[in-house]
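Architecture at a glance
Read off the chains here:
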Amino acid sequence: MERLETGIHAGRLSPAEYEANFSDLHPRLDNHEALVAADRCYFCYDAPCMTACPTSIDIPLFIRQISTGNPLGSAKTIFDQNILGGMCARVCPTEELCEQACVRNTAEERPVEIGRLQRYATDAAMQAGKQFYVRAEATGKRVAVVGAGPAGLAAAHRLAVKGHTVTIYDGREKSGGLNEYGIATYKTVDDFAQKEVDYIMSIGGIDVRHGALLGRDFSLSDLQAQYDAVFLGIGLAGVNALRIEGENLAGVDDAVDFIAALRQAEDKSDIAIGRRVVVLGGGMTAIDAAVQAKLLGAEEVTICYRRGKEHMNASEYEQDLASSNGVIIRHWLAPKSILSQDGKVAAIEVEYTKIVEGRLVGTGETGVIAADQVFKAIGQTFDAAGLGSLRMESGRIAVDAEGHTSLDRVWAGGDCVFGGEDLTVSAVAHGRDAAESIHRTFSATAAPAVAVA
Ligand SMILES: Cc1cc2nc3c(=O)[nH]c(=O)nc-3n(C[C@H](O)[C@H](O)[C@H](O)COP(=O)(O)OP(=O)(O)OC[C@H]3O[C@@H](n4cnc5c(N)ncnc54)[C@H](O)[C@@H]3O)c2cc1C
Ligand code: SF4
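Not measured: the values here are computed from a predicted model. The residue numbers shown here count from 1 along each chain, following its written sequence. Chains and ligands are labelled sequentially in the order written, the chains with letters from A and the ligands with numbers from 1. Per-residue local features of the predicted model are confined to residues with pLDDT of at least 70, and side-chain atom pairs are confined, for both listing and counting, to 80 or more; whole-chain, interface and lining totals are unaffected and use all residues. The basis for the side-chain values is all heavy atoms of the structure; hydrogens and waters are excluded.

**A short note on the packing of aromatic side chains**
Stacked, tilted and edge-to-face are the three classes applied to pairs of Phe, Tyr and Trp rings, where Trp contributes its six-membered ring and a pair requires centres within 6.5 Å; stacked means planes under 30 degrees apart, edge-to-face means over 60, and tilted covers the rest. Under the defined criterion, the tally for this structure stands at six aromatic pairs. Ring geometry for Phe 132 versus Tyr 133: centroids 6.4 Å apart, planes at 75°, classification edge-to-face. Residue classification places Tyr 133 among the buried residues on the basis of a relative accessible area of 17%. Plain terms: the ring middles of Tyr 169 and Phe 218 are 4.9 Å apart, the flat faces sit at 50° to each other, and that makes the pair tilted. Of the two residues, Tyr 169 is situated in strand β2 (residues 165-170) and Phe 218 in the loop between β3 (206-210) and α12 (220-226); the sequence distance between them amounts to 49 residues. Above the face of the Phe 43 ring, Arg 64 is positioned so that its terminal group lies 5.3 Å from the ring centre. Counting as a charge over the ring demands two things of the Lys NZ or Arg CZ atom: a distance within 6 Å of the ring centre and an angle within 35 degrees of the ring normal. Directly above the ring of Phe 22 sits Lys 268, whose terminal nitrogen or CZ lies 6.0 Å from the centroid. Three labels apply to residues, based on accessible area from a 1.4 Å probe with only protein chains included: buried if under 20% of the type maximum, exposed if over 50%, partly exposed otherwise in between. Numbering of helices and strands starts at the N terminus; helices are DSSP runs of H or I of at least 4 residues and strands are runs of E of at least 2.

This is the structure we're talking about:
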């Protein structure tokens, strides 16, 4: 049978299997389901779900609007705080944020389905082409935004609403950042990331230049000279290296590149996958790569994580998703070398690990896992090219509470700044808040009104 063939192959599944495997993970609720789900909300006056949301969406209000048959009003409540509320409804780890905090999340009950209700409302508005914002009168202020990911898009939209003129620079061919190139395929189907970009851009006043890379085509000081303010939302462009023997063999790939290729593939059967796949890492990227490898027809997929289950960055929900798709998660294993046969990956040698006096160490005991493909999901790194003397903290951009960097008129947000949560919704909050801070700075430096005696 084709799928049992060793090595890395495309087209392991039938067209029907690809379609079923990569369909929407949580399809939109229909009207009746939404009313039933909304009815479970107590509309708490102190709504802990709202406090748990990084963008502070008024969750009881938007759910109340759904329950009164007003999905468009509900969408406006969401978009007022989070213009990428549609994507966040699909990708937020709600089980760790709003739904974890929901008062109905008890041993006997399940939480209100906030994420799915948010999707119901935002989809209704986007499908109706309903725009809620009109640009303020042009202010004459020009802002450069570097990076068209969630942080940059949220900043650009809020600045455009205020009447400022925005130019976005992004090194890639499409806008969306990891919404377009990183999020798992089954979380965002039907080209939703680009539909959301179009929805955001329709506010007007935002010009996007793709293929324009900071550090190669221009520097931060160029932008400072040309614009009234700069917002950096450049994410984490680099990846960590394993630094073990065999890392450069064919068949050892970066998990983020694999996921990006899968997201961009017109036909999933074009994406080659091994029969036995090992994924190294313990975060969301490791889970997404492993699950999607399985969905592409890999027979055996193993995640190897060098610490324990309790240390994994991937949520309990994500770990369960992997297990329910047949992914094996093994803990306390660190990669030691990648073994080859005829120049191709044949297996991975791992060493058992333990924590001694707070430090992770190898026990000296090793084992071998057969593999024809290895994905590295061991973390992304920040690329500081073109940023000049910008102050860094632990390898990312240092910012204050408003997202202002160490340089005059330069703000930053999203994954590229120190102290964030590396989530889509946090990046949106950073971009929005930095835009408000930029706007306040412009207002404060505007010529003072003449006092009337
Ligand atoms: C595989 C994967 C899966 C994930 N899944 C989830 C999930 O399910 N839920 C969730 O909440 N979060 C998830 N995340 C995290 C989430 O995607 C990020 O936190 C979020 O995208 C950060 O947004 P950002 O705007 O800061 O950066 P990015 O989305 O990375 O966008 C940065 C943009 O800047 C551009 N850029 C970078 N460098 C330059 C440069 N020098 N010049 C010009 N442009 C540049 C890039 O092309 C990109 O468009 C995932 C991350 C990964 C890697
Ligand atoms: S905590 Fe739960 S029940 Fe209370 S307002 Fe939020 S969603 Fe509704």
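**Notes on the nonpolar core**
By nonpolar core we mean a set of buried residues, namely Ala, Val, Leu, Ile, Met, Phe, Trp, Tyr and Cys, connected to one another through side-chain atoms within 4.5 Å. Counting residues in hydrophobic clusters, the biggest one holds 67 residues, and the most contacted among them are Ile 59, Phe 62, Ile 63, Phe 79, Leu 117 and Ile 168. Considering every element that reaches this core, the biggest residue donor is helix α9 (residues 150-161), with eight residues. What counts as a domain boundary in this text is fixed by an automatic or database domain assignment. For this core, the domains that each give at least three residues are domain 1 (31-127) and domain 2 (142-237 + 382-446). In this analysis, two residues are considered to be in contact whenever any of their non-hydrogen atoms come within 4.5 Å of each other. Apart from the residues within four sequence positions on either side, Phe 62 is in contact with Ile 57, Ser 74, Thr 77, Ile 78, Ile 114, Leu 117 and Gln 118. Core analysis: the next-biggest nonpolar cluster, separate from the first, contains 34 residues, Ala 265, Val 301, Met 312 and Ala 314 among them.

**A short note on the pattern of salt bridges**
One side-chain nitrogen of Lys or Arg within 4 Å of one carboxyl oxygen of Asp or Glu is enough to make a salt bridge. Summed over the entire model, instances satisfying the criterion amount to 21 salt bridges. For Glu 318, the salt bridge is made with Lys 187, and the minimal N-O distance between the two is 3.2 Å. With Glu 318 in helix α15 (residues 316-324) and Lys 187 in the loop between α10 (178-181) and α11 (192-201), this pair connects stretches of sequence that are 131 residues apart. When its relative accessible area of 3% is taken as the criterion, Glu 318 is described as buried. On the basis of relative accessibility, which here comes to 7%, the residue Lys 187 falls in the buried class. With its nearest N and O atoms 2.8 Å apart, the salt bridge here joins Asp 433 to Arg 432.

**Notes on the packing of helix α4 (residues 59-67) against helix α8 (residues 114-127)**
Their axes nearest at 10 Å, the elements α4 and α8 cross at an angle of 60°. Put simply, α4 runs oblique to α8. Handedness of the α4/α8 crossing: left-handed. Counting all contacts with α4, which are made through Ile 59, Phe 62, Ile 63 and Ile 66, the residues of α8 involved are Ile 114, Leu 117, Gln 118, Tyr 120 and Ala 121. Residue classes in the contact of α4 with α8 are distributed as eight nonpolar, one polar and no charged. In this analysis an axis means a line fitted to C-alpha atoms, helices contributing only their contacting stretch, and an angle means the value between N-to-C directions, from 0 to 180 degrees. Roughly parallel covers angles under 35 degrees, roughly antiparallel covers those over 145, roughly perpendicular covers 65 to 115, and oblique covers all other angles. Each helix crossing is assigned a hand: it is left-handed if the near helix lies turned anticlockwise from the far helix by less than a right angle, otherwise right-handed if that turn is clockwise. In this classification, the charged set is Asp, Glu, Lys and Arg, the nonpolar set is Ala, Val, Leu, Ile, Met, Phe, Trp, Tyr, Cys and Pro, and all remaining amino acids, among them Gly, are polar.

**Focus: the site of ligand 1**
We call a residue near a molecule or strand as soon as one heavy atom of that residue lies within 4 Å of the molecule or strand. Taken together, 34 residues surround ligand 1, and among them Val 91, Asp 170, Lys 187, Leu 214 and Asp 415 come closest. Polar contact is defined as a pair of N or O atoms within 3.5 Å, subject to the rule that within protein one atom must be able to donate a hydrogen and the other to accept it, and that residues adjacent in sequence are counted only when both atoms are side-chain atoms. One of the backbone N or O atoms of Ala 151 is found 3.0 Å from an oxygen atom in ligand 1. A distance of 3.1 Å separates a nitrogen atom of ligand 1 from a polar backbone atom of Gly 171. Accessibility throughout is a Shrake-Rupley quantity obtained with a 1.4 Å probe, and a residue counts as covered only by protein chains that appear here. Summarising the interface, the protein chains cover 94% of the accessible area of ligand 1, which totals 1000 Å² for the free molecule. Here the shell around ligand 1 gets three residues from one element, more than from any other, and that element is helix α14 (residues 284-295). Residue composition of the shell around ligand 1, grouped by class: 17 nonpolar, eleven polar and six charged. Of the residues that make up the shell around ligand 1, three or more belong to each of domain 2 (142-237 + 382-446) and domain 3 (239-380).

**Observations concerning the UniProt feature "domain: FAD/NAD(P)-binding" (unreviewed entry) in the protein**
UniProt positions are given in the numbering used here, feature names are shortened, and annotations may be inferred rather than shown by experiment. The feature "domain: FAD/NAD(P)-binding" (unreviewed entry), as annotated in UniProt, sits at residues 142-431 in this numbering. For the annotated span residues 142-431, helix accounts for 25% and strand for 29% of the residues, and the straight-line distance between the end C-alpha atoms is 16 Å.

**Examining the site of ligand 2**
Taken together, Cys 41, Tyr 42, Cys 44, Pro 48, Cys 49, Pro 60, Cys 102, Val 103, Val 112 and Ile 114 are the residues near ligand 2. Residues that form the shell around ligand 2 fall into these classes: ten nonpolar, no polar and no charged.

**Some remarks on the state of the cysteines**
Cysteine sulfur atoms are paired as a disulfide whenever they fall within 2.5 Å. Evaluation of the coordinates by the stated rule reveals zero disulfides. Cys 88 takes part in no disulfide bond, and the closest cysteine sulfur to it belongs to Cys 92, at a distance of 4.5 Å. Take Cys 88: its relative accessible area is 2%, and that puts it in the buried class.

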